Amino acid sequence: MRMGNYRKILLILLFVVVSVSAYEVDRRGVEVEEEGWFLLHDSKEIVRTDAGVMRVVRGGFGGGVSMFQSPMHIGFITMEPNSLFIPQYLDSHLTLFVRRGETRIGHIYKDDFAEKQLKEGDVYSIRAGSAFYLVNPAEGQRLHIICSISTSSSLGLHGFQSFFIGGGVYPTSILGGFDTLTLSTAFNVSSDEVSEILTRQFSGAIVPLNTTTHSPTPSIWAKFLNLEQHQKLGHLKRIVHLEEEARLEEDEEKEKPIWSLRKFLNNVFGDEGNRREKRRRGTSKGPDSFNLFDRKPDYKNDYGWSLALDQSEYSPLKHSDIGVYLVNLSAGAMMAPHINPTATEYGVVLRGSGSIQIVYPNGTLAMNARVNEGDVFWVPRYFPFCQIASRTGPFEFFGFTTTARKNRPQFLVGQNSILQSMRGPEFAAAFGVSEERLRRILDAQREAVILPSASVAPTEPMDPKEREEEEEGERGKEEVVMKIPKVIESFGNDMIMGFP
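Residues numbered from 1 in each chain as written. Predicted model: local features only at pLDDT ≥ 70, side-chain atom pairs only at ≥ 80, totals over all residues. Heavy atoms only, no water.

*Asks:* How should the overall build of the protein be read in this particular structure?
*Replies:* Along its length, the protein carries 14 helices and 25 strands. Contacts in the protein between residues far apart in sequence, at least 24 positions, make up 73% of those at least 6 positions apart. Carbon and sulfur atoms provide 54% of the accessible area of the protein, an area that totals close to 27300 Å². (Helix = DSSP H or I, 4+ residues; strand = E, 2+ residues; numbered from the N terminus. Contact = heavy atoms within 4.5 Å. Areas by Shrake-Rupley, 256 points an atom, 1.4 Å probe, with all protein chains shown as cover.)

Now the structure itself:
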């Protein structure tokens, strides 16, 4: 067989495989809808101790579908009263939303230490590589946090990576990676004393912060807080000395984290009284938090409200390039079908239940799924979608977008829709109806953005001429379908303007 014929056969086989795959995708449309690809179920517990849990929901389809890999994961942190998420830093940007309770967060901000009190509804951002810790100081209130984990700066190892500064046996401190002789020399203590420091912590990443001396198994962090000030500073100096020795040969730019670590540890293990005084005076550096519940909605009507937070109102969001939104729909109400032209959207159901409808670019239904409190969903950029509240009660959801700039969603239905803005003979011709008929349809919906349920929405009777026009249009479509060759029909109604 000549090479030219062999190549032709290969091309034909390739065409057949691609055609069959396209047909299978179209044929399995209902199956894909039932699978709910846009509901995120890939959940993994990465921390579980008696003092708290952190669960991460992985974004995107996974399974090697690279075009739908997610630049963001959603994390859920629950901390028991009087507990600590030990100091660490991530290779990913972190944006926190306090769902319930209060927390104290300490972290490095612009090479200095900042500590803030966050309350319910607060949003706060931590940059990748910035050391931080979380404390639930309450005596009888659990802390619930929802966070976005933006992987744009990650190492790509397992979605994101934590580097624990504190730790011991479990989790392992990054200090434990140094040679024993190096550690003992740097601390100026014996190897046995080094082992004691780095093997006492085995309670996990979230630990009880019990500072009482009669506690049967006080954590290393509680012991540190019980030390005298000069003892804390002594430990601090030895730890910082170790870091300086290990990084002595690095250039000036890479030495900056040394000073950040010094200030961070100094504020963790330094004078607690001074830190309380700083918080009382409000002299702690770092950006303020932003409370969503204190902000007026961007849009509000009788059927619900919505708001979006971007970098123009809260500048820390620009570092992670993440936006935040909150929506509340009354029973049966609908967020009008729309698209996000600049961002992928992630959502978490905070309260109530409803349904999410997402549409493929070819005009077929991608998903129509019911969601309940705690469910996580995502919508790729450009995909049309809408959210509909159940008739049993309000539907509230919170989420993140993959841009810190104004998203400017474009609505497809309603008084502020692009159909209203572009109405005219061109659109009427595109839909195959008269301009008058299109006008009557578009003007039937008097609301915008958030629409009433079908039982509330007004309806107008269709006059005989318009009904006859619609019936003729339906008959015309049936005739066209009958004339489509079977070989073309098997490929579905996908139409792509551009290159394959």
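*Asks:* Just to check I follow, could you spell out a nonpolar patch on the surface for this structure?
*Replies:* Nonpolar side chains collect at one region of the surface, where V169, Y170 and F202 lie side by side and expose about 330 Å² of accessible area between them. Tracing the sequence through the fold places V169 in the loop between β11 (162-164) and α3 (180-187). (Patch = residues over 30% accessible without salt bridge, like charges linked within 9 Å, V, L, I, M, F, W, Y side chains within 5 Å. Salt bridge = Lys/Arg side-chain N within 4 Å of Asp/Glu carboxyl O.)

*Asks:* Can you help me understand the packing of aromatic side chains in this one?
*Replies:* Considering all chains together, one arrives at 12 aromatic pairs under this definition. Look at Y89 and F163: their rings are 4.9 Å apart centre to centre, the planes differ by 5°, and that puts the pair in the stacked class. With Y89 in strand β4 (residues 83-90) and F163 in strand β11, this pair connects stretches of sequence that are 74 residues apart. An aromatic cluster is present here, built from F38, Y346, Y360, W378 and F383 joined pairwise through their rings. (Phe/Tyr/Trp six-rings, centres within 6.5 Å; stacked < 30°, edge-to-face > 60°.)

*Asks:* Help me out: how do you make sense of the pairing of strand β22 (residues 385-389) in this one?
*Replies:* Where a strand is regular, its side chains alternate between the two sheet faces. The buried fraction of β22 is high, at 5 of 5 residues. Taking every second residue as pointing to the same face, both faces of β22 are buried, with F385, Q387 and A389 on one and C386 and I388 on the other. Two elements, strand β19 (residues 353-359) and β22, share 5 bridges in a ladder whose sense is antiparallel. Considered in β22, the bridge of G354 is made with A389. (Buried < 20%, exposed > 50% of the residue type's maximum accessible area, 1.4 Å probe, protein only. Pairing = 2+ DSSP bridges.)

*Asks:* Help me out: how do you make sense of the nonpolar core in this one?
*Replies:* Most often, soluble globular proteins keep nonpolar side chains buried together rather than apart. F85 and L292 are the most contacted members of the largest nonpolar core, which totals 89 residues. With residues up to four places along the chain from it excluded, the contact list for L292 reads F97, G121, V123, L307, L309, V324, L326 and F398. (Core = buried A, V, L, I, M, F, W, Y, C linked by side-chain atoms within 4.5 Å.)

*Asks:* I keep staring at the environment of S203 and nothing clicks. Help me out?
*Replies:* Within the secondary structure, S203 sits in the loop between α4 (191-199) and β12 (206-208). Sequence separation between S203 and D50 is 153 residues, and the spatial gap between their C-alpha atoms is 8.3 Å.

*Asks:* Is there a simple way to explain the pattern of salt bridges in this structure?
*Replies:* Oppositely charged side chains may form a pair once their charged atoms are brought near each other. As enumerated under the stated definition, the model contains 12 salt bridges in all. In this structure, E80 and R142 form a salt bridge, with 2.9 Å as the shortest nitrogen-oxygen distance. With a gap of 62 residues between them, E80 in the loop between β3 (72-79) and β4 and R142 in the loop between β9 (132-136) and β10 (143-150) connect regions that are remote in the sequence. Look at R142 and you get partly exposed, because its relative accessible area is 45%. K119 is paired through a salt bridge with D294; the nearest N and O atoms lie 3.8 Å apart. Of this pair, K119 sits in the loop between β7 (112-118) and β8 (122-126) while D294 sits in the loop between β13 (290-291) and β14 (299-301); the two residues are 175 residues apart in sequence, bridging distant segments of the chain.

*Asks:* What should I look at first to understand the sheet that holds strand β15 (residues 304-309) in this one?
*Replies:* Through backbone hydrogen bonds, the strands of a sheet pair up, either in parallel or in antiparallel fashion. The sheet built from 6 strands is open, its strands ordered β14-β15-β16-β23-β18-β21 with antiparallel pairing. A strand with exactly one partner marks an edge of an open sheet, and here the two such strands are β14 and β21 (376-379). Taken over all neighbouring pairs, the strand axes of this sheet differ in orientation by 15° on average, direction set aside. Where strand β16 (residues 323-329) lies against strand β23 (residues 395-401), 7 bridges are found, and the strand directions are antiparallel. Bridge pairing links Y325 to G399 in β23. (Axes fitted to C-alpha atoms, helices over the stretch in contact; angles between N-to-C directions.)

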